[in-house]
Amino acid sequence: MFSKILIANRGEIAVRIIKTARRMGIQTVVVHSDADAGSMAVEMADEAIHIGPSPAAESYLLQDKIVDAVRRSGAEAVHPGFGFLSENPVFARRLEAEGIAFIGPNPHAIEAMGDKITSKKFAAEAGVSTVPGFMGLIESNEHALQIANEIGYPVMIKASAGGGGKGIRVAHSDADMAEGFAAVKAEAQTAFGDDRVFLEKFIIDPRHIEIQVLGDKHGNIVSLFDRECSIQRRNQKVIEEAPSPLLDDATRKAMSEQAIALARAVNYDSAGTVEFVAGQDRSFFFLEMNTRLQVEHPVTELITGVDLVEQMIRSAAGEKMAFGQDDLKINGWAIESRIYAEDPYRGFLPSIGRLVRYDQPEEGDQGTYTVRNDSGVREGDEISMFYDPMIAKLNTWAPTRLAAIDGMARALEDTHLQGVGHNVPFLAAVMDQDRFRSGQLSTSYIKDEFPDGFHGAAPDRRRLDILIATAAAMNEILTEQSGDPSDRTDWIVLVDRDAHGVTLGYDEDEALTLDLAGEDRALQLSDIDWRPGLPQFRAVLDDVPYTAEVARIADGFAIRTGAVKARVRVLTPRTAELFARLPEKQAADTSKLIQSPMPGLVVSIAVEVGQEVKAGETVAVIEAMKMQNILRADRDGVVKAVGAKAGDPVAADDVLVEFG
């Protein structure tokens, strides 16, 4: 076994690998860029080596610097995590030539599965179900149209070397095909330096289901069963679970056998994932194989009890797998939510900045569910513009799927973030949806359920009760602490502008009771855990615990419970009567302004003062989180002022251009 390994990665996956290595008694070395010098991974590792500036192309992607760090540290092996160099066969071969173990599959397997055309040929030869398509060289637009008509629309156009959601189009007609083929070839050349494209049948209302495989260097390969990854946005996974709610035992067995057959065809000897596209009728077809650890691996670990990072290390060290297929069973259900620094209320635009506050849910057994939180950042850390905006992967396990979902909803309630935009409210909204809870999933789920984007959720009865009870209790606590307690028991609680009359009291157990005016029922609030200044209010409402995110504002409280946000005021009946007469404040007119939709760097400003601009013309380009965002004029106009220049850092809502 290795005594020291180097982790050629950053963030939460570096932290994840360190935890397993510690348990195994293995020392760890992490490499880091300028941006990650004070990171959690650097703090946790036994050694840290600086390898360059913040951009990945000048640090984490430079093989020479990684190999030099291995030599300097005396590490015997490299774990690449995911992303960066994890699926680079040239890197794996170089380590092999230098006598350094690569904690991942052999270079042949990486190369064979890394090219989508080659991998589909291997899959077909191994007897794996493949989507009808054309894997050969497509010579021209005319050739592409001919193939598309032979396959039958809709057809997916995909870059052979693609990944991360890039280089993909769906064509529903000859016109779509002609336009999409050229676009995908251009995207592929720009993103991957390889313009080869292939075509395959597009499965209507598909699901994304994958099989986790594990091999060693002695020819043993097992399946650790399936994961459902259908909840995606822009071809990026958002919520995953294991096992899939679609599969029955027979389909699960067939998919596992095919995944193992493919892995065996390339002598696979580490952790890897065979991805399938599945129809709602449980038909399934090979999509691709990822020759690395997957982001969503924790859900598989939670239902099997197998530490995949440990098994990768043991395989790389030449150890024989200590278990076989018959030893593996599915135990319960696990859900993973990817928590990103992105603002769901602003089209999921990346959000960078400092994590001013980060309260995490308590990990471990919570009674009816178990929590695991894989994170690579701490309170006070900076979410950098140079890397993926992931904050954490929040996982819950329970004996049943619904219990795991309910556990996730509670764990999301117990997650509090300040300083950056984040997608926790969106994730909470999905957990509450009947369609998600029923398991009726597809890769178009987010587009179907949120066609106009995410704008929060309207409160159901439970969420409304939480808003009313929380505000009333906070008002009572603040009144008592001010030294001016009131004997008043009748209040009007305004949730935004909807009025709810309540009468407060206390029962024999000192729980706060709220009689609701006009309703034949009362609420009981007990076990209140809040004091002024705390951003989370915890209590038990009608025997069900909850956590709400709270803040005091000018004339009341801002409260979020799940996906529901509201401004809540607690007023006397007379004050509420007067308040109802006040006109609603009108939003400021920003129609003549081009504002930055996110924090980032100005790449370019395409206009100048006095210039006439037509609707649709590019005005500015902003870069954040490795993405460039083009801002266009939504009206004709003449530029009155320009508020930034190329290279300037900007905050969200900063005015870039003003029209006269």
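In what follows, the structure referred to is the one given above.
Let me sum up the structure you'll find in this document. (Residues numbered from 1 in each chain as written. Predicted model: local features only at pLDDT ≥ 70, side-chain atom pairs only at ≥ 80, totals over all residues. Heavy atoms only, no water.)

**Examining the overall build of the protein chain**
Our working rule: Going along the chain from the N terminus, every DSSP run of H or I of four or more residues is numbered as a helix, and every run of E of two or more is numbered as a strand. Two things to know: the radius of gyration comes from C-alpha atoms, and the globule rule equals 2.2 Å times the number of residues to the power 0.38. Relative accessible area decides the class of each residue, using a 1.4 Å probe on protein chains only: under 20% of the type maximum gives buried, over 50% gives exposed, and in between gives partly exposed.
Looking only at helices and strands, the protein chain features 17 helices and 40 strands. Expected size for 660 residues packed as a compact globule is a radius of gyration near 26 Å; at 27 Å, the protein chain falls within 12% of this value. Here the C-alpha coordinates of the protein chain stretch approximately 80 × 65 × 55 Å along the principal axes. Evaluated residue by residue, the protein chain yields a buried proportion of 55% over its 660 residues.

**Some words on helix α5 (residues 107–114)**
Which entries qualify depends on this criterion: Whether two residues are in contact is decided by their heavy atoms: any pair within 4.5 Å suffices.
Taken as a whole, α5 has its buried residues at P107, A109, I110, A112 and M113. As for α5, its buried residues are in contact with α4 (89–97), β5 (101–102), α6 (116–125), α9 (249–265) and β14 (284–290).

**So, the pattern of salt bridges**
We count it as follows: The salt bridge definition used is simple: a Lys or Arg side-chain nitrogen within 4 Å of an Asp or Glu carboxyl oxygen.
Scanning the entire structure with this criterion turns up 61 salt bridges. For R72, the salt bridge is made with D68, and the minimal N-O distance between the two is 3.5 Å. Of this pair, R72 and D68 both sit in helix α3 (residues 63–73), four residues apart, which is roughly one turn of the helix. A residue is classified by how much of its surface remains accessible, and R72, at 55% relative accessible area, is exposed. Taking the relative accessible area as the measure of exposure, D68 reaches 38% and is therefore partly exposed.

**Brief notes about the nonpolar core**
For clarity, the threshold we go by: To define a nonpolar core, start from buried Ala, Val, Leu, Ile, Met, Phe, Trp, Tyr and Cys residues and group those joined through side-chain atoms within 4.5 Å.
I239, I391, F426, M431 and F436 are the most contacted members of the largest nonpolar core, which totals 40 residues. Secondary-structure elements contributing two or more residues to this core are β12 (236–242), β15 (333–340), β23 (390–398), α12 (401–413), α13 (424–432) and α15 (445–449). With 39 residues, the next largest nonpolar core counts A21, M24, L214 and M390 among its residues.

**Concerning the sheet that holds strand β3 (residues 47–52)**
Going by this rule: By the convention used here, strands pair only if DSSP detects at least 2 bridges between them. In this analysis an axis means a line fitted to C-alpha atoms, helices contributing only their contacting stretch, and an angle means the value between N-to-C directions, from 0 to 180 degrees.
Reading across the sheet, the five strands line up as β3-β2-β1-β4-β5 and stay open at both edges, with parallel pairing between neighbours. In the strand order of this sheet, the two ends are held by β3 and β5, each with one partner. Where strand β1 (residues 4–7) meets strand β4 (residues 77–79), three bridges bridge the pair, whose relative direction is parallel. Counterpart to I7 in the pairing with β4 is H79. Contacts between helix α1 (residues 11–23) and the sheet are confined to β1, β2 (27–33) and β4, with β1 contributing the most and set at about 170° to the helix.

**So, unusual backbone geometry**
Cis geometry marks the peptide bond from Y153 to P154, where omega comes out at 0°. The topology assignment puts P154 in the loop between α7 (141–151) and β7 (155–163). Note the cis peptide between A242 and P243, where omega equals -5°. We note that F225 has phi near 75°; this positive angle belongs to a residue other than glycine. For F225, the position within the fold is in strand β11 (residues 221–233). Using a relative accessible area of 11% as the deciding quantity, one classes F225 as buried.

**Thoughts on the packing of α1 against helix α11 (residues 308–316)**
So the rule is basically this: Convention used here: angles under 35 degrees read as roughly parallel, angles over 145 as roughly antiparallel, angles from 65 to 115 as roughly perpendicular, and any remaining angle as oblique. By definition, turning the near helix anticlockwise from the far helix through less than a right angle yields a left-handed crossing, and turning it clockwise yields a right-handed one. Three classes are used, and their members are as follows: Ala, Val, Leu, Ile, Met, Phe, Trp, Tyr, Cys and Pro are nonpolar, Asp, Glu, Lys and Arg are charged, and the others, Gly among them, are polar.
Contact geometry for α1 and α11: axes closest at 9 Å, N-to-C directions at 65°. When the interaxial angle is binned, α1 and α11 end up roughly perpendicular. As for how α1 packs across α11, the hand of that crossing is right-handed. Here R16, I17, T20 and R23 of α1 come into contact with α11, specifically with L308, V309 and E310. The residue makeup of the contact of α1 with α11, split by class, is three nonpolar, one polar and three charged.

**Concerning the pairing of β14**
The buried fraction of β14 amounts to six of the seven residues, a majority that puts the element mostly inside the structure. Sheet topology note: the strand β13 (residues 271–278)/β14 ladder contains six bridges and is antiparallel. Paired with T273 across the strands is N290, a residue of β14. Taking the residues between adjacent antiparallel strands as the criterion, β13 and β14 are bridged by five residues, where R282 takes a positive phi near 75°.

**Considering the packing of aromatic side chains**
Short version of the rule: Each pair of aromatic rings taken from Phe, Tyr and Trp, with Trp reduced to its six-membered ring, is defined by centres within 6.5 Å and is described as stacked if the planes are under 30 degrees apart, edge-to-face if over 60, and tilted in the remaining cases. In our convention, an over-ring charge means Lys NZ or Arg CZ found within 6 Å of a ring centre and within 35 degrees of that ring's normal.
Considering all chains together, one arrives at twelve aromatic pairs under this definition. With centroids separated by 6.2 Å and ring planes inclined at 85°, the aromatic side chains of F91 and F102 adopt a geometry described as edge-to-face. Taken together, the positions of F91 in helix α4 and F102 in strand β5 put the pair eleven residues apart, joining distant regions of the chain. Overall, F91 belongs to the buried group, its relative accessible area being 0%. Look at F102 and you get buried, because its relative accessible area is 10%. Taking the ring centre of W491 as reference, the NZ or CZ of R488 above it sits at 5.8 Å.

**Thoughts on the side chain of E296**
So the rule is basically this: What qualifies as a polar contact is a pair of N or O atoms within 3.5 Å, subject to a donor-acceptor requirement within protein and to the restriction that residues adjacent in sequence count only when both atoms come from side chains.
On the secondary structure map, E296 appears in the loop between β14 and α10 (297–304). In this structure E296 comes out as buried when scored by relative accessible area, which is 1%. A distance of 3.0 Å separates a polar atom in the side chain of E296 from a polar atom in the side chain of Q294. The contact partners of E296, leaving out residues within four places of it in the chain, are E210, R227, C229, K237, E240, E336 and R338.

**What about the environment of D343?**
Looking at the secondary structure, you find D343 in strand β16 (residues 342–343). Judged by its relative accessible area of 19%, D343 falls in the buried class. For the pair D343 and F454, spaced 111 residues apart in sequence, the C-alpha to C-alpha distance is 9.6 Å. Leave out the neighbours within four places in its chain, and D343 touches F348, L349 and G421.

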